[in-house]
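Structural overview for review
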Amino acid sequence: MKVEFWRSAEEYAASRQIEELVHREFPAFASEFTDPVGRRRFLQLMGASLALAGAGACTRQPDEKIVPYVRQPEEIIPGRPLYFATAIAEGGVAMPVLVESHMGRPTKIEGNPEHPASLGATDPQTQAAILSLYDPDRLQTITYRGDVRPWGAFLGAIQLAMTAQRSKQGAGLRILTGTITSPTLADQLETLRKELPNATWHSWEPVARLVPGDDFTYNFDRADVVLAIGSDFLGCGPGHVRYARDFASRRRAALSHGGTRLYVVESCPTITGSKADHRLPLKPSDIVQFAQAATGGAGLKTGPSTQDFLNAALSDLRAHRGRSIVIAGDTQPSEVHALVRQLNETLGNIGSTVVPIPSIEPRSIDHVASIRDLTAAMAAGQVDMLIVVGGNPVFDAPADLNFADALKKVGLSVHLSSTEDETSELCHWNVPLSHALESWSDARSYDGTVSIVQPLIAPLYGSRTAHEVLAALSSRPERTSYEIVREYWLKTRGLDEKQWRRALHDGFIAGSAETRGAQAPPRPQAPPGPEAPPRPEAPGTARGPNPEARGPIEIQFRPDPTIGDGRFANNGWLQELPKPLTKLTWDAAAYISPATAERMGVADGDIVELRANGRRIHMPVLSVPGHAADSVTVHFGYGRRRAGRVGTGVGFNAYPLRTSDAPWTTRGEIVKTGQRYSLATTQNHFLMENRNVVRVATVEQYKQEPEIIKHMGHTPPKTLTLYPQFEYTGNQWGMAIDLDACTGCSACVVACQAENNVPVVGKSQVMVNREMHWLRVDTYYRGEPDNPEVYHQPVPCMHCETAPCEPVCPVAATAHSAEGLNDMVYNRCVGTRYCSNNCPYKVRRFNFLLYQDFTTPSLQGMRNPDVTVRSRGVMEKCTYCVQRINEGRIAAKREERDIRDGEIKTACQQACPADAIVFGNLSDPKSRVVKLKAEQRNYGLLEDLNTRPRTTYLAALRNPNPALAGEQAEAPVRHED
């Protein structure tokens, strides 16, 4: 029998294989080694060891040296961290952060609650930046043609080359950067261009949008209706962290008057699409046609359902003039952006919910045209000297440009990079790039606010910043980054000393978003016609072993959701982070619809050949519910040849298919090869016996019958238990998670990993269900696979009041605390795994092997000293960040007061962009968590088992348009958990 909610195609079909999987405590081959003795006989023989279990764990951690301060800084108190405001720029755009530092070691990154771009939240990539800082594979020395050189030798070589360039006013000098929003760095580049007017500054960002200079900010906290056309504004892009917070807050506030409504048109399912009240999957060319029809253009050719969707969305938008938003994704062509702006103007949204702002970049530039011009100049022998400031263009530049071959013709090439990558291999000089937490700099956030980047630690290696490398080209080559940044803001921009220190304290310069002027960006012009047809396939191309199993298809390119354009390939946290919706780890795959997979006769893991523009790549397929038919989505960033010990050789490279004239979408063929490849996906891990654990209703149903959520389950009386009732006299902790707000972004997962020293296990271990994440985000579908509803459910430890794991532990390693926590005592645990078997929520993780790296020196400085670093043989799980609870308790006791509500935040709560997770004291009737648990939407997971979980959920609500009610407004099923 099919269940209402399902997590995979196998579960949807209720196959026998999935039933076997969920009824098995541990998967096949879960035992690493053959055990001829057996568990029962082993316990008999090791009785003495069990008796001594409290004295030590299964393995002994290696000795570590402790080196005390010779002269301890006055501001440092051992055991108490310090916090510094700074920013981390990815793709040039600043993410403002607060960084926790333990005695000079940065260990945890949080969002800056005072900054408008963050409000205290972050995303997975920002959370994982701490691991990149301590990455042992970082470039550590300056090299020239592979030989180590000092900084002085580099300065001498550069100054000699610049002497020749000054004689011809920089005619042979080219500088290649990514997206630059740093006012100081932009000033350095412009000053250099004035001194050398014939020099050229080029820009290349693999994820640069197609419409340069057309900047807007969106007030989702004021919008009642949103239409997203190819836009994942909740999941990626410069402002997605703030947009997720605003969108979620508007949905909460709007419940009293009917709720907000989100329409999404997209090809590949995204985080934004998963939150849609109505979602329309269309292949890329049909999205352009949809935008044309929305502004009164040609009629739609994709069927009546698409027309009904368009009519309903337009009617809803017109009914909410000035309180609606139409937003196009950065990957959409300029024609779509022009049409979307026209719609917003017609609806009266410009200046209200859609605010034009000057570009956060100091200049408006077409990145594709810029990299094309640079490559042509290099190939023609016109470049004497090339400075590559960050980036990896040999790997990620458009394939048709042949950037690598052109680079070999440059007289002198310099690469500033954090790792020795594909571009480093072909450059003469390689200079280590300082991490953001080692640097002085500045950068603008999505709204234009300038953040001051300040270091928390001296450079771990002999690294340099972009400011110092550009200073090497000037007549003042010895200036430090601090001197350069400070001089710019105090002398060029006129800040006084008090304002400068305030900016360092706050992490940003107040009012800096308005100092660029208030003019609106120029309106983009739509191109005269549709996208150019693809170039013919190269003659003589082989058709592959299965010519009958191929077909024309539209291919769209996207950066990988976790490792981005490839810059995070060596970050194990992001490699192992399950991708939103698919839960794929350690790989890229070609996403196709279930209907396309059935038509082609391919299954997940089948390798196909994708052909376009005379080029071809191989990649395994993955069927994704809700993907548009007759199209395929490939994510670039994998297939690195030189990315360190973690990222080298992982996955399949999609860049060879991406060309400068079709950077985001092209037409091609997909061919079945008959080969197979193993994919590691966690989608079917830790299933809860096919129970319907997600509760959903429509806004209208909830308003008419507020108790409808309660009726979907059964809560036994508290007295129906063999456990003795525990009387709490002090604090008791609990958590509420709002499923209506959760976007499934997984920032909470990486935050938990960073806070609690959770190790990475690798692809092979993930494939046998051994991932160690203490917090997972389950994705559930409802409806038919071609376009189902999607729901996300974060699942930490429930900290049950009557916890099934506690009575079965033979050594009392899992115990109930006086404040209601389910504690783990690591040095008692002997690894029987009885507690995991007895946990219906499957939230406990067994440390099978020695996953922690105790030998790499740089990684030792990364770990949180307040959390035990576990070795093999023990059970691990969420602790509600008990170390943070203890820190808050000590602070309150020192000040002789009670713990304030909101003073203690778990790592997952603090990172969440949507503010979906709330933690607090259940003994405080005024606490926010108590108020949320009192709502009618609140329910416990599997509450019919009478475990009485302290982590509860607020049911998801959808707000379907009555004109489209037949699609997604079915009455919720009342059922027992």
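Here's a quick rundown of the structure. (Residues numbered from 1 in each chain as written. Predicted model: local features only at pLDDT ≥ 70, side-chain atom pairs only at ≥ 80, totals over all residues. Heavy atoms only, no water.)

Another point: the overall build of the protein chain. Per the secondary structure count, the protein chain includes 31 helices and 38 strands. The buried share among the 977 residues of the protein chain stands at 60%. Taking as baseline every contact in the protein chain between residues at least 6 positions apart, the subset at least 24 positions apart corresponds to 75%. Here the protein chain displays about 38,600 Å² of accessible surface, and carbon together with sulfur accounts for 53% of that area. (Helix = DSSP H or I, 4+ residues; strand = E, 2+ residues; numbered from the N terminus. Buried < 20%, exposed > 50% of the residue type's maximum accessible area, 1.4 Å probe, protein only. Contact = heavy atoms within 4.5 Å. Areas by Shrake-Rupley, 256 points an atom, 1.4 Å probe, with all protein chains shown as cover.)

Between helix α11 (residues 284-294) and helix α12 (residues 304-318), whose axes approach to 11 Å, the crossing angle comes to 45 degrees. With respect to their mutual orientation, α11 and α12 come out oblique. Considering the relative orientation of α11 and α12, their crossing is right-handed. Note on element contacts: α12 touches α11 through Thr306, Phe309, Leu310 and Leu314, opposite Phe290, Ala293 and Ala294. (Axes fitted to C-alpha atoms, helices over the stretch in contact; angles between N-to-C directions. Parallel < 35°, antiparallel > 145°, perpendicular 65-115°, else oblique. Left-handed = near helix turned anticlockwise from the far one by under 90°.)

Turning to the environment of alanine 117, a few remarks are in order. Relative to the elements of secondary structure, alanine 117 occurs in the loop between β3 (105-111) and α5 (124-127). C-alpha separation for the pair alanine 117 and valine 241, spaced 124 residues apart in sequence, amounts to 7.2 Å. Other than its neighbours up to four places away in sequence, alanine 117 contacts Pro96, Val241, Arg242, Ser445 and Tyr446.

A sheet is described by the order of its strands in space; here four strands give the open sequence β11-β10-β9-β12, paired in parallel fashion. Edge positions in the sheet fall to β11 (278-281) and β12 (324-328), since each has one partner strand and no second. Taken pair by pair, the neighbouring strands of this sheet meet at an average axis angle of 10 degrees, ignoring direction. Inspection of the sheet shows strand β9 (residues 225-229) paired to β12 by five bridges, in the parallel sense. By the bridge assignment, leucine 227 is partnered in β12 with valine 326. Each of β9, β10 (261-266), β11 and β12 is contacted by α12, which is oriented at about 140 degrees to β10, the strand it contacts most. (Pairing = 2+ DSSP bridges.)

Once that is clear, we can look at helix α13 (residues 334-346). Relative to the 18 Å expected for 13 residues at 1.5 Å per residue, α13 spans 18 Å between its end C-alpha atoms, a close match to the ideal helical length. Here α13 has its buried residues at Glu335, Val336, His337, Ala338, Leu339, Val340, Arg341, Leu343 and Asn344. Of the surrounding secondary structure, the elements contacted by the buried residues of α13 are β8 (216-218), β9, α11, α12, β12 and β13 (354-356). Looking at the residues trailing α13, positive phi occurs at glycine 348, about 75 degrees. (Expected span 1.5 Å × (residues − 1).)

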